[in-house]
Amino acid sequence: MGGHGPSTDWGEDKAIGFKTTLGLWLFLLYVLVYSGFIWINVASPETMAVKVFAGQNLAVVYGFFLIALAFVMGIIYDILCTNKEYELNEKEDSDK
Amino acid sequence: MIYNASPFAVAIFVAFVLAVLWMSSFFAKKTTTSKGYYAAGGDIHWGVNGIAFAGDYLSAASFLGICGMIAFSGYDGFLYSIGYLAGWVVALFIVAEPMKRLGKYTFTDALNNKYNSRGIHLTSAISTLIVSLCYLVPQMVGAGSLVTPLLGMPHYVGVILVGAIVIFIVATAGMASTTYVQFIKGALLIVASSVLSIAIFVHGIKTQPTENYHKFKTINATVANGEVTAIDSGEYKIIGAQQDAKGHHYVKLNKEGVNTWWALTEKDGNAVLEEALSVVNAKNGEVLYNGEPKDAQKFYQVGHASKIIVDGEEVTDSGSLGPFKFLATIGDSTIVRFQKTIFLDKDDKVQLWYQNPTSGKDIMTPGLKFKVKKGSTFMSKLDFVSLMIALFFGTSALPHILIRYYTVPSPKAARKSTILAIAAIGFFYVLTLFMGLGAMVTGVLDVQNSNMAGPLLAKFFGITLFSIISAIAFATVLGTVSGLIVAASGAVAHDLISNYFGIPLTDKGQVKAGKIAAVVVGVFAILLGIVFEGINVSFLVGLAFAVAASANLPAILMMLFWKKTTAKGISASIVVGIISALTMILLSPSTFEVYGLLPSDAPIPMDNPGIISIPLAFITLVVVSLMTQKDAVGREKQVA
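The model shown is predicted, which means the values in this text are computed figures rather than measured ones.

Draft legend 1. How the structure looks around the overall build of chain B. A tally of helices and strands in chain B yields 22 helices and 12 strands. The C-alpha radius of gyration computed for chain B amounts to 26 Å, which stays within 12% of the reference 26 Å derived for 640 residues, consistent with globular compactness. Summarising its shape, the C-alpha atoms of chain B cover approximately 85 × 55 × 50 Å along the three principal directions. Counting across all 640 residues of chain B, residues that qualify as buried make up 60%.

Okay, here's the thing in structure tokens:
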């Protein structure tokens, strides 16, 4: 048997622990917001019709918010991870 | 519906396909190693990979399926956009970097990194094959839907065309060509969709979308004992009447030898007959569209607003609208949707689409397709939750998405490419709401095929936009199918032949085996694509997500985060996930409809299996892992 192992080699990453923990927390936060969306749809669907912003109802605003939130959280995650990689790894490694 | 091919559209389409084939041949010359074939050499820039992710992900389901579902069911179609995008959060925060750190060519490599188990090789390769096939079917269906209005050819021609081109692409160049095709196509799709959305805003909403839009007639009727006994028209004669399963009444009228069907309804307290669309399959094999042969072209494209409210005022033409104003106007207006019903008229099968004026409030909230409001049951709500869970967890379990992590040089590049993908995909998904609602009100819908809504909307704004968007959408299908076939062929050649059966293959031998597998999988996909014509592709992709999430995600997550996970636990979880998800889908109401049976006869009263099959796979993994702790080999080896 064979064929395992990464397709490219790179240096040791000492920030793995930090990135894993941060990823898990951000994931749980998003799950919470996403669950809220599902919950309102199931428990109180009429609430979704309430106009909340610029003539838009909650369904549209919440939907757009979920899409935007994924991107914003992604940017935050990348900034924090990159900083940690610079801090813990040698600069040439984190530049890869 | 009859579609006539435009030479210009055909020229653009052919040019696009030739460009893709040229690109494929170009990269074929550079691909001589298995690393080149399966992982594009592992040195793709994260920016290119991020947009290629978008290209892979914005498949037929997104442009054709979601736009179509929004056009027919309003906000419920947008739920797919939300769920598909949310799934990238799992990919970014949980899966991206570990997958890159642990894998080589296939996601099996990552899964099996610390176990080196033959069982995992076998089960995850089978899972990759099944999920890829489930995902391939809607892509092929989408290809057929595109070719019909573009080239005026039957659905099956589109399916065969895509299959043949993709087999050529994959069997020549592999992942490098797939990546660059997806990069260019992903970028073009987003640009073209933005242009289409702007065109919608400029056009606004009109009660009469075009001058040629069919004016649906209404005739006053006299009803006695529930039967229409007379009508207020000298032109038409009553020659029959039927009821559907819901008890709605329909009347067959004759004018100058042509029979048409009308729906009995009420307007201002009076009984009226409203003109409907119908397809009648006669016992003698004849098929009539609104009472006439297809060539007469009397089967109209539809979709319009019956009442438009802008800033509290009723108007017939909203004029140009901004994006938010467009959504708000739809929400305040009344849109005529065409609802399908089927009944028998003596020996003839009648498919009828009647007008259903729907308030904008209902269109802009969930509930038209997924029963979460009026008429909902516990099971219908559970079905909705199940869908949202499968969409959320499915993305990061899709083989053709996971293998893209092996084309970039480092875990950091994997992370950055995922974030770029989220930006590009998220932006596109916002546009799907505008495009779907735009199609709903511009009189472009073909009631027989929701998948055509997006391309037909583009056609409304001119043949140039239509040709470009259709060519891009076709390339979308080509690229996604290519990625899926690379993933499936990798599972066969790398995981099964080389790793499970232990057949020693040279580097070139692995590439050759992958190419042969690509041809076989491609032929299967063509056959299935022809069988499933007419089913909404987003719905089909939703099911593929459920199978992927059930089969692969519990194994991936537990392998990463639970140290007691064993190889046998992973294998068992994959098997249980696949079997439970597939069984539930095959016994669901929607699949019963595909069989030609009554959906109410389905033994499982929900379409989406995720809420049962995903936890079942998790539980199986935990139980089997705890039972096989003594057998665990290499457990101490930590995730690098």
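Draft legend 2. Broad picture of unusual backbone geometry. Despite not being glycine, B:Asp268 has its phi angle at roughly 50°, a positive value. Relative to the assigned elements, B:Asp268 resides in the loop between strand E5 (258-267) and strand E6 (270-275).

Draft legend 3. Layout of the nonpolar core. In terms of nonpolar packing, the biggest core is built from 237 residues, with A:Ala70, B:Ile425 and B:Val547 touching the most fellow members. Here this core gets 22 residues from one element, more than from any other, and that element is helix H16 (residues 463-500) of chain B. A domain split of this core shows at least three residues from each of domain 1 (9-204 + 391-533) and domain 2 (218-378) of chain B. Once residues within four sequence positions are removed from consideration, A:Ala70 is found in contact with A:Tyr30, B:Leu85, B:Ala86, B:Trp88, B:Val89, B:Ile422 and B:Gly426.

Draft legend 4. Representation of the domain arrangement of chain B in the model. All names here are of chain B. By domain assignment, chain B separates into domain 1 (9-204 + 391-533) and domain 2 (218-378). Each of domain 1 and domain 2 has a C-alpha centre, and the two are 37 Å apart. Contact residues are listed per partner, giving 22 residues for domain 1 and 27 residues for domain 2. Taken together, the elements giving at least two residues each to the side of domain 1 that touches domain 2 come down to helix H4 (60-73), helix H5 (75-102), helix H9 (175-203) and helix H14 (411-441). Broken down by element, the side of domain 1 that touches domain 2 gets its largest block of residues, 5 residues, from H14. Tallied by class, residues from the side of domain 1 that touches domain 2 come to 15 nonpolar, 5 polar and 2 charged.

Draft legend 5. Here's a closer look at the sheet that holds E5(B). All names here are of chain B. Taken together, the 6 strands give an open sheet; going across it, the order is E2-E1-E6-E5-E4-E3, and neighbouring strands pair in antiparallel fashion. Only two strands of the sheet have a single partner each, and these edge strands are strand E2 (227-231) and strand E3 (237-243). Across the sheet, the mean angle from the axis of one strand to that of its neighbour is 40°, orientation sign disregarded. Inspection of the sheet shows E5 paired to E6 by 6 bridges, in the antiparallel sense. Residue pairing in the sheet places Leu264 in a bridge with Leu273 of E6.

Draft legend 6. Here's a closer look at the interface of chain A and chain B. Contact with chain A, which involves 41 residues of that partner, is made by 56 residues of chain B. Elements supplying a minimum of two residues to the side of chain A that touches chain B: helix H1 (16-43), strand E2 (56-57) and helix H2 (58-88) of chain A. Among the elements that take part in the side of chain A that touches chain B, H2(A) stands out by supplying 14 residues, more than any other.

Draft legend 7. Quick peek at the environment of A:Ile75. Among the structural elements, A:Ile75 can be located in helix H2. Counting along the chain gives 21 residues from A:Ile75 to A:Ala54, while the straight-line C-alpha distance between them is 26 Å.

Draft legend 8. View of the pairing of E6(B). Pairing analysis gives 3 bridges linking strand E1 (residues 218-224) of chain B to E6(B), with the strands arranged antiparallel. By the bridge assignment, B:Asn220 is partnered in E6(B) with B:Val272.

Draft legend 9. Layout of the sheet that holds strand E7 (residues 277-281) of chain B. All names here are of chain B. Taken together, the 6 strands give an open sheet; going across it, the order is E8-E7-E12-E11-E9-E10, and neighbouring strands pair in antiparallel fashion. Taken across any chain shown, the strands that pair with only one partner, and hence form the sheet edges, are strand E8 (287-289) and strand E10 (313-315). Across the sheet, the mean angle from the axis of one strand to that of its neighbour is 20°, orientation sign disregarded. For E7 and strand E12 (residues 348-359), the ladder comprises 5 bridges, and the chain directions are antiparallel. The residue of E12 that forms the bridge with Val280 is Val350.

Quick notes on the rules
- Residues numbered from 1 in each chain as written.
- Chains lettered and ligands numbered in written order.
- Predicted model: local features only at pLDDT ≥ 70, side-chain atom pairs only at ≥ 80, totals over all residues.
- Helix = DSSP H or I, 4+ residues; strand = E, 2+ residues; numbered from the N terminus.
- Rg over C-alpha atoms; globule rule 2.2 N^0.38 Å.
- Buried ≥ 20, exposed ≤ 12 C-beta atoms within 10 Å, placed from the backbone.
- Core = buried A, V, L, I, M, F, W, Y, C linked by C-beta atoms within 7 Å.
- Domains from an automatic or database assignment.
- Contact = placed C-beta atoms within 7 Å.
- Nonpolar A, V, L, I, M, F, W, Y, C, P; charged D, E, K, R; others polar.
- Pairing = 2+ DSSP bridges.
- Axes fitted to C-alpha atoms, helices over the stretch in contact; angles between N-to-C directions.

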